[in-house]
Amino acid sequence: MTAEPADFLRVRFAPSPTGYLHIGGARTVLFNWLLARKHGGTFILRIEDTDQARHVEDSVGKILDDLRWLGLLWDEGPEVGGSYGPYFQSQRLATYENHARQLLETGQAYYSFETPEELAAMREKARAQKRVRSYVRPEPVPAVEQGLAAKAAGRSVVVRLKMPYEDIAVVDDILGTVTVAAEQHEDFVIVKSDGFPTYHFACVVDDELMKITHVLRGQEHLMNTPKHIALQRALGFSTPRYAHLPVIFNIDGSKMSKRDKEKAIKSGLPPPEIDVHDFRVAGYLPEAVLNFIALLGWAPGDDREQFTLEELAAAFTIERVGRTNARFDREKLLSFNTTWAAKLAPDRVLAAFKAFLTCTTNPPPKMRHADDDMLACVLRLCAGFRTFADVVKKSGFLFAADADVVVDEQARRKVLDKNECAGFDILAFLLPRLEAATDWSAAALEALLQAACEEKQVKIGAVAQPLRVAVSGSTISPGIGQTVALLGRERTIARIRRCLASRV
RNA sequence: GCCCCCAUCGUCUAGAGGCCUAGGACACCGGCUUUUCACGCCGGCGACAGGGGUUCGAAUCCCCUUGGGGGUGCCA
């Protein structure tokens, strides 16, 4: 038996720390992770923090946290280390410098001094002349000594790669072969004036040094790939296999950008979920999110739609990744979440619910600190729920102080005030009977309500609804018998009394 | 502008020349269940962007048009 070498398949996810993990990024991680998992390869996490201006405080921590929530753990990278570290690009500057020097010394790269204004003028001119390429390589190219001197003199200096004048073919496992013509290439910056490498340069150097074999990334990188290939050739590196994933949009076709979120917040609309963190806080299960995003751009080929991470890893192949952009349908995600919440083991749902309670801002404090038995009970009573946020909405009143139960205006009108306060009358009728009840079990209470219906000659709704509104403040709650049983006699009576006192 | 990618129900997709009077899921509509919300069950509506080829035969192959998207940064 011939064993595969340990690192025959190495993939990476390389986010830049500019905020939370985007849902599109999550799908990229997932596909990389699945590929590694399927083939027994290695999944590497690398932080591309080469843009000092865009760096957002603590965003690495947030990204790691979201990845852990999803259950997509990395084999090498921050916190876990590995043999090819460091895994932060900002800690690898010397490495990039060495490679840049090599390129400079072999004449494959050169120093360049144009000002932003000059570059803008070049761009404008190129557009007017309908050319793709805007940067014009100086002839001859400045000598290394000239560049060093300019730098010493305080001028803004970058390093550019001399792009070869030849067609470059990108062999893509999803898209096929994409060839970019020689005249399309231009000398691009590999080292910025602040001495940091650009994305292209750091990425190529690290992929080589970290022995990355497969690059799975978003389609927005497709046109970068010829640059990367040119860099690899100049440095004598090997070229990994490439696969570019289709893009994910909002349901209306707009981009799922952070800007959308900010815009919505500004105009007072509920912000759309676009970061993994948003879905966490909104009460989704990672199982559902993962399952749903897996199906954005990938399909098993049969009618199966429900997959655990393990099942995905077994079924996943790059060949079955599609080429068409997808829209993110929140309704379908909601449906997936409902399904997962119902089919997952109660223990798992409880654990996820507790995690939700610690990260969301809404729940009544007492709910957050309730014991497992109580929370498990609530989860049972809310069976069929769509998100954890719904569970809180439906059962939060169980954890509120009696004085904090405020009757919703609409509920009051519809259930209590209507028909000359029939609802209040029912409550007044119910009160002594509940006070006198000897058995406070859900079944006994249901029976008590049934008896009240018969006595008053009304349907069960006419009795259950006023009681529901009195104890919960709204028309939404778990089954009334169980709700009242769980609430207990004392609190139930107190709430009915408070409600009756509010009658005008 | 220029370069590149893409194109099946409203949405995610199955479909790799005859198995397709195009299958599934979500949404939607109708019904059932029902003390609220949700769940659940049954049924229905609904697509091969348009035009040319190739072929005995095309959703599937080729070309054009149209539409959508990406790139065109000292961002990644």
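Chains are numbered independently. Their residues run from 1 in the order of the written sequence. Each chain takes a letter, starting from A, and each ligand takes a number, starting from 1, following the order in which they are written. Residue-level local features of this predicted model are given only where pLDDT is at least 70; pairs of side-chain atoms are given and counted only at 80 or more, and the full residue set underlies all totals for whole chains, interfaces and linings. Excluded from the side-chain calculation are hydrogens and water; included are all heavy atoms of the structure.

Tell me about the overall build of chain A, and please be specific about residues and values.
Across its full length, chain A carries 21 helices and 11 strands. Radius of gyration (C-alpha) of chain A: 31 Å, far over the 23 Å computed for a compact globule of 504 residues. Oriented by its inertia axes, the alpha-carbon framework of chain A measures out at about 100 × 60 × 40 Å. Taken across its 504 residues, chain A has 48% of its residues classed as buried. Relative to all contacts within chain A whose residues are 6 or more apart in sequence, the contacts with residues 24 or more apart total 74%. In this tally, Lys and Arg are treated as positive and Asp and Glu as negative; His is ignored, and so are the chain termini. All charge positions are set by atom: Lys at NZ, Arg at CZ, Asp at CG, Glu at CD. Positive and negative charge centroids in chain A, built from 64 and 65 side chains respectively, lie 3 Å apart. Working definition: helices are DSSP H or I runs of at least four residues, strands are E runs of at least two. Numbering for both runs from the N terminus. The size measure is the radius of gyration over C-alpha atoms, and the globule rule it meets is 2.2 Å times the number of residues to the 0.38 power. Per-residue accessibility, obtained with a 1.4 Å probe over protein chains only, is compared with the maximum for each type, and a residue is labelled buried under 20%, exposed over 50%, and partly exposed between these values. Contacts are residue-level and defined by heavy atoms, with any inter-residue pair within 4.5 Å sufficient.

Kindly report on the protein's contact with RNA strand B, identifying the contributing residues and their values.
For RNA strand B, the set of nearby residues contains 67 residues, the closest of which are Lys192, Glu305, Gly384, Lys394 and Arg468. Sugar and phosphate atoms constitute 69% of the interface atoms of RNA strand B, taking the interface as everything within 4 Å of the protein. N or O atoms closer than or at 3.5 Å make up a polar contact, with two conditions inside protein: a donor-capable atom paired with an acceptor-capable one, and, for residues adjacent in sequence, both atoms drawn from side chains. Between a phosphate oxygen of RNA strand B and a main-chain N or O atom of Gly297, the distance comes to 2.7 Å. Residue Gln465 places a side-chain N or O atom 3.1 Å away from a sugar or linking oxygen belonging to RNA strand B. Throughout, near means a residue has at least one heavy atom within 4 Å of the molecule or strand.

Quick one: what's the story with the nonpolar core, residue by residue and with numbers?
With 109 residues, the main nonpolar core has Phe328, Phe353, Phe388 and Leu467 as its most contacted residues. The biggest single contributor to this core is helix 17 (residues 409–436), with 11 residues. What Phe388 contacts, discounting residues up to four positions off in sequence, is Gly283, Leu285, Val349, Ala352, Phe353, Phe356 and Leu379. To form a nonpolar core, buried Ala, Val, Leu, Ile, Met, Phe, Trp, Tyr and Cys residues must be joined to one another through side-chain atoms within 4.5 Å. Counting 33 residues, the second-largest nonpolar core is a separate cluster that includes Leu103, Phe113, Met210 and Ala234.

Provide a residue-level description of unusual backbone geometry, including the pertinent values.
With omega at -5°, the peptide bond leading from Gly85 into Pro86 counts as cis. Examined against the element boundaries, Pro86 turns out to sit in the loop between helix 2 (59–70) and helix 3 (93–105). The peptide bond linking Glu139 to Pro140 adopts the cis configuration, its omega dihedral lying at -5°. One can find Pro140 in the loop between helix 4 (116–128) and helix 5 (144–152). Look at Asp58: it is not a glycine, yet its phi comes out positive at around 60°. Tracing the backbone through its elements, the reader meets Asp58 in the loop between strand 2 (42–45) and helix 2. Looking at Asp58, the relative accessible area reads 48%, which means it is partly exposed.

Account for helix 6 (residues 199–209), naming residues and giving values.
Taken across its 11 residues, helix 6 has 8 buried, putting it largely inside the fold. Among the residues of helix 6, His200, Phe201, Ala202, Cys203, Val204, Val205, Asp206 and Asp207 are the ones counted as buried. The elements touched by buried residues of helix 6 are strand 1 (10–13), helix 3, strand 7 (189–191), strand 8 (214–218) and helix 7 (225–235). One or two positions beyond helix 6, positive phi appears at Lys211, with a value near 55°.

Kindly report on the environment of Ala169, identifying the contributing residues and their values.
Among the secondary structure elements, Ala169 is positioned in strand 5 (residues 168–172). Judged by its relative accessible area of 34%, Ala169 is partly exposed. Sequence-distant contacts of Ala169, that is, excluding residues within four places in its chain, are made with Thr177, Val178, Thr179 and Ile229.

Please give an account of the sheet that holds strand 4 (residues 158–161) that cites residues and values.
We call two strands paired when DSSP finds no fewer than two bridges between them. Pairing in this open sheet of 3 strands is antiparallel, and the strands run 3-4-7 from one edge to the other. Looking at the sheet topology across the chains shown, the edges are occupied by strand 3 (109–112) and strand 7. Strand-to-strand twist in this sheet, taken as the mean axis angle between neighbours without regard to direction, amounts to 45°. Where strand 4 lies against strand 7, 2 bridges are found, and the strand directions are antiparallel. Of the residues in strand 7, the one forming a bridge with Arg160 is Val189. Helix axes use the C-alpha atoms of the stretch in contact, all axes being lines fitted to C-alpha atoms, and the angles between their N-to-C directions lie in the range 0 to 180 degrees.

A description of the packing of helix 18 (residues 442–456) against helix 19 (residues 460–472) should follow, citing residues and the corresponding values.
Viewed as axis vectors pointing N to C, helix 18 and helix 19 meet at an angle of 125°, and their least axial separation amounts to 8 Å. It follows that helix 18 is oblique to helix 19 by the angle criterion. Seen along the crossing, helix 18 lies across helix 19 with a hand that is right-handed. Facing Leu449, Gln450 and Cys453 of helix 18, the residues of helix 19 in contact are Ile460, Val463 and Leu467. What sets the label is the angle itself: under 35 degrees gives roughly parallel, over 145 gives roughly antiparallel, 65 to 115 gives roughly perpendicular, and the rest give oblique. Crossing chirality is assigned from the near helix's rotation relative to the far helix, an anticlockwise turn below a right angle marking it left-handed and a clockwise turn marking it right-handed.

Which residues make up the pairing of strand 8, and what are the values?
By the criterion of burial, strand 8 is predominantly enclosed, with 5 of the 5 residues buried. A crossover counts as right-handed when, viewed with the strands pointing away from the observer, the path leading from the first strand over the helix to the second turns clockwise. Between the parallel elements strand 8 and strand 9 (residues 241–245), the chain passes through helix 7 in a crossover that is right-handed.

Mind laying out the side chain of Gln89, listing which residues take part and the relevant values?
Assignment of secondary structure puts Gln89 in the loop between helix 2 and helix 3. Take Gln89: its relative accessible area is 0%, and that puts it in the buried class. If sequence neighbours within four positions are ignored, Gln89 has contacts with Arg46, Ile47, Glu48, Asp49, Thr50, Tyr96, Ala202, Cys203 and Asp206.

Lay out the state of the cysteines with the relevant residues and their values.
The disulfide criterion is simple: two cysteine sulfur atoms within 2.5 Å. Counting across every chain of the model gives 0 disulfides. The thiol of Cys359 is not disulfide-bonded; the next cysteine sulfur, from Cys382, is found 18 Å away. A residue is classified by how much of its surface remains accessible, and Cys359, at 24% relative accessible area, is partly exposed.

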